[in-house]
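# Summary of the model geometry
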Amino acid sequence: MRFAKRMIINSLKLKVLLAYIAGMVLSITLLVIAAAVVLQSDLLARMNLSDAAEGLADNIVFDNRGIPIGFDSSIDDRAWLFEGPQRETAYRILDNNSNAVVISSAGEAFWPTSGNLLRLTRGNFSFEYDDRTFYGATQPVEHGGRTWYLQFIASARFVDILHHVAFPLVVAGVAVFGFVMFVAFGLCAFITLRYTLKPLRDLSDYAAAISPRSMDARLSTEAVPVEIAPLVDSFNHALERLERGYHLQQEFMGHAAHELKTPLALIRGQIELIEDGKNNHAALLSDVEYMTRQVQQLLLLAEASEAHNYHFTVVGMQDIAHAVATYLQRMAESADVHLTVLAVDDKVTWKADRGACFTLLKNLLENAIQHAPAHTSVSMEIQGNTITVRDRGPGVEAAQLPLLFARFWRGAHRRDHGAGLGLAICQEIAMAHGWTLSAHNAQPGLTLKLSTQT
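Residues numbered from 1 in each chain as written. Predicted model: local features only at pLDDT ≥ 70, side-chain atom pairs only at ≥ 80, totals over all residues. Heavy atoms only, no water.

### Here we look at the overall build of the protein
The cut-off we apply is this: Secondary structure counts use DSSP, requiring at least four H or I residues in a row for a helix and at least two E residues in a row for a strand, with both numbered from the N terminus. The buried label goes to any residue with under 20% of its type's maximum accessible area, the exposed label to any with over 50%, and the partly exposed label to all in between, with areas taken from a 1.4 Å probe on protein chains only. It only takes one pair of heavy atoms within 4.5 Å for two residues to be counted as in contact. What sets the accessible areas is the Shrake-Rupley method with a 1.4 Å probe; for residues, cover comes only from the shown protein chains.
Assigned secondary structure in the protein consists of 10 helices and 14 strands. Of all 454 residues assigned to the protein, the portion counted as buried reaches 37%. In the protein, once contacts between residues fewer than 6 apart in sequence are set aside, the share between residues at least 24 apart is 63%. A total of about 27,100 Å² of accessible surface is found on the protein, and carbon and sulfur atoms cover 59% of it.

### Observations regarding the pattern of salt bridges
What counts is decided by this rule: Criterion for a salt bridge: a side-chain nitrogen of Lys or Arg within 4 Å of a carboxyl oxygen of Asp or Glu.
Enumeration over the complete set of coordinates arrives at 5 salt bridges. Measuring nitrogen to oxygen at the nearest pair gives 2.6 Å for the salt bridge that ties Glu243 to Arg218. Taken together, the positions of Glu243 in helix H5 (residues 229–275) and Arg218 in the loop between helix H4 (156–208) and H5 put the pair 25 residues apart, joining distant regions of the chain. Its relative accessible area of 24% is what places Arg218 among the partly exposed residues. In this structure, the salt-bridge partner of Glu366 is Lys362, at a minimum N-O distance of 3.5 Å. Linking Glu366 with Lys362, this pair stays in helix H9 (residues 354–371), spanning 4 residues, or about one helical turn.

### A few points about the nonpolar core
Just so we agree on the cut-off: For the purposes of this section, nonpolar cores are sets of buried Ala, Val, Leu, Ile, Met, Phe, Trp, Tyr and Cys residues that join through side-chain atoms within 4.5 Å.
Judged by nonpolar contacts, the single largest core of 45 residues is most densely connected at Met317, Leu360, Leu361 and Leu364. Sorting elements by how many residues they give to this core places H9 first, with 8 residues. Here Leu360 is in contact with Cys426, Ile429, Ala430, Trp435 and Leu450, once residues within four sequence places are set aside. With 14 residues, the next largest nonpolar core counts Ala57, Tyr91, Ile93 and Ala137 among its residues.

### Some words on a nonpolar patch on the surface
The line we're drawing: In this scheme, patches are assembled from residues that exceed 30% relative accessible area and form no salt bridge. Like charges are connected within 9 Å, while nonpolar side chains (Val, Leu, Ile, Met, Phe, Trp, Tyr) are connected within 5 Å.
On the surface, Leu18, Ile21, Val25, Val176, Phe179, Val180, Phe182 and Val183 cluster together to form a nonpolar patch covering roughly 700 Å² of accessible area. Only helix H1 (12–39) and H4 provide two or more residues apiece to the nonpolar patch. A per-element tally of the nonpolar patch places H4 first, with 5 residues. Counting through the fold element by element, Ile21 comes out in helix H1. Classification of Ile21 as partly exposed rests on a relative accessible area of 33%.

### Some details on the sheet that holds strand E13 (residues 436–441)
The strands making up a sheet are joined through hydrogen bonds of the backbone, oriented either antiparallel or parallel. Basically, it comes down to this: DSSP-based pairing: two strands are paired if at least 2 bridges between them are found. Fitting a line to C-alpha atoms yields each axis, with helices limited to the stretch in contact; the angle taken between N-to-C directions then spans 0 to 180 degrees.
Spatial strand order, E9-E11-E12-E14-E13: 5 strands in an open sheet with mixed pairing. Edge positions in the sheet fall to strand E9 (337–343) and E13, since each has one partner strand and no second. Neighbouring strand axes in the sheet, compared pairwise and without regard to direction, differ in orientation by 15° on average. Across 6 bridges, the pairing between E13 and strand E14 (residues 446–451) is antiparallel. Among the inter-strand pairings, Ser438 is bridged to a residue of E14, identified as Lys449. Packed on one face of the sheet, H9 meets E9, strand E11 (376–383), strand E12 (386–390), E13 and E14 and runs near 150° to E11.

### What about H9?
Just so we agree on the cut-off: Given a helix with a known number of residues, its expected span is that number minus one, times 1.5 Å. Counting of polar contacts relies on pairs of N or O atoms within 3.5 Å, with two restrictions inside protein: one atom must be capable of donating a hydrogen and the other of accepting it, and residues adjacent in sequence are counted only when both atoms are side-chain atoms.
For H9, built from 18 residues, the straight-helix expectation of 26 Å at 1.5 Å per residue is met to within 8% by its first-to-last C-alpha distance of 26 Å. Taking burial as the measure, the 18 residues of H9 include 15 buried ones, the bulk of the element. Its side-chain oxygen placed 3.2 Å from the backbone nitrogen of Gly355, Asp353 serves as the N-cap of H9.

### Digging into the packing of helix H7 (residues 317–327) against H9
Note the following rule: Note on terminology: angles under 35 degrees are roughly parallel, angles over 145 are roughly antiparallel, angles of 65 to 115 are roughly perpendicular, and the others are oblique. When the near helix sits turned anticlockwise from the far one by under a right angle, the crossing is termed left-handed; a clockwise turn instead gives a right-handed crossing. Nonpolar residues are Ala, Val, Leu, Ile, Met, Phe, Trp, Tyr, Cys and Pro. Charged residues are Asp, Glu, Lys and Arg, and all others, Gly as well, are polar.
Here H7 crosses H9 at 50°, and the two axes come no closer than 9 Å. If you check the angle between H7 and H9, you find them oblique. By crossing handedness, the relation of H7 to H9 is classed as right-handed. From H7, Met317, Asp319, Ile320, Ala321, Ala323, Val324, Ala325 and Tyr327 reach across to H9, where they touch Arg354, Cys357, Phe358, Leu361, Lys362 and Leu365. Class assignment of the residues belonging to the contact of H7 with H9 gives a composition of 11 nonpolar, no polar and 3 charged.

### Brief notes about the pairing of strand E3 (residues 89–94)
Burial within E3 is extensive, with 6 of its 6 residues counted as buried. A two-sided burial pattern is seen for E3, the buried positions comprising Thr89, Tyr91 and Ile93 on one face and Ala90, Arg92 and Leu94 on the other. Pairing geometry for E3 and strand E7 (residues 146–155), over 6 bridges, is antiparallel. Its bridge partner being in E7, Ala90 is matched across the sheet by Ile153. Bridge count between E3 and strand E4 (residues 100–103): 3 bridges; the pairing is antiparallel. Of the residues in E4, the one forming a bridge with Ile93 is Val102. In this antiparallel pair of consecutive strands, E3 and E4, the connection spans 5 residues, and Ser98 shows a positive phi of 65°.

### Focus on the packing of H9 against helix H10 (residues 422–433)
The interhelical angle for the contact between H9 and H10, taken along N-to-C directions, is 145°, at an axis separation of 9 Å. As H9 runs across H10, the sense of the crossing is left-handed. Only Gly422, Leu423, Ile425, Cys426, Ile429, Ala430 and His433 of H10 make contact with H9, whose side of the interface consists of Ala356, Thr359, Leu360, Asn363, Leu364 and Asn367. Of the residues contributing to the contact of H9 with H10, the split by class is 8 nonpolar, 5 polar and no charged.

### Focus on the sheet that holds E3
The strand order across the open sheet built from 5 strands is E4-E3-E7-E6-E5, with neighbouring strands paired in antiparallel fashion. Since the sheet does not close on itself, it has two edges, and those belong to E4 and strand E5 (123–129), each with one partner. The sheet shows a mean angle of 25° between the axes of neighbouring strands, direction not considered.

Below, the structure written as structure tokens:
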């Protein structure tokens, strides 16, 4: 048997690792694209300003009357940012009447007196000032039973500058994060695959140790992954079929030896009689012919069971049928049986081994001649994908139909004393070709039908 060359790409471990690498590369790429889109949009600016406003709100300082007066010392090192370099950022704290109680150095004139800034609700807003676009956020602050509103704004160009500074940092962060994830998860994947595939390596070693002396051995599915368990079960079923076939072969050899012992013993007896002066050449020749036929059929059965003995070509079934009829004509005349070959179309072709096909049709016709009464006919009809052989004999009991293709089984109405292997050989040849061979009782006689799928 020829085996397919093992390629490294067929490695399950390699395929899983490649899939993992592809997934990691895709994930990192999507992260970079998402970061670029967010950094180039207004959404991040508004989110950043909301976060900045919320952070400022946590650092508001109130006087004894509960009125905001500024921010605590925790933001002293960042005060320049909130005081607005070159009037790019600013903040203020409003009461419920939109009056500013705390304001940055930008002053009141920096803030519009109308528009959505006066809506004292949590959220984002924007406005135009001095031909510049400003983004802002409002953050409510609860203190002493009163509500104050912190508003923080930054110009669009200031946000853009921050984005240009932040984008390389984000890309570097994503790259570092991706590399760490790649190494960590890659190592985990390698270790996981190593331990996951270990049961498969053990199964392979155990399967390699199975031999004809241990045909009853089966692979264990205890530690096998659930995805591989059906394959192991199928392999065990295949081992069961091989074991049954092996036992059948052993039984076959036993039957063959038993069948050959009888004619050999008879020949021995005849030879002893010849030595005593009692010549019985006819009986001796009959026993030799019987044994020769058995040996020949055993050889044919052994050859029919091996697929490498077949050479498939396109053959004309009518030509083979006529050749078989010509070969068996003398046998038919001796039995006083008329042979006929009928073909609906003389161009019927099957894909088959010519020699095996000749043997199959010969055995079918020979079996029909042996069971056909004198002065009757045996016909072979070729029609498309079906060949039918029919005799006009007594037929077979329904219970015995399944036994027709069993080895060494003999019918009750045959003329010779064959070994009972003819139809078994036909069945082996039909199976090797993918054909179906079946037997049916007719009125009168028996019909053997050979069918192909094409």
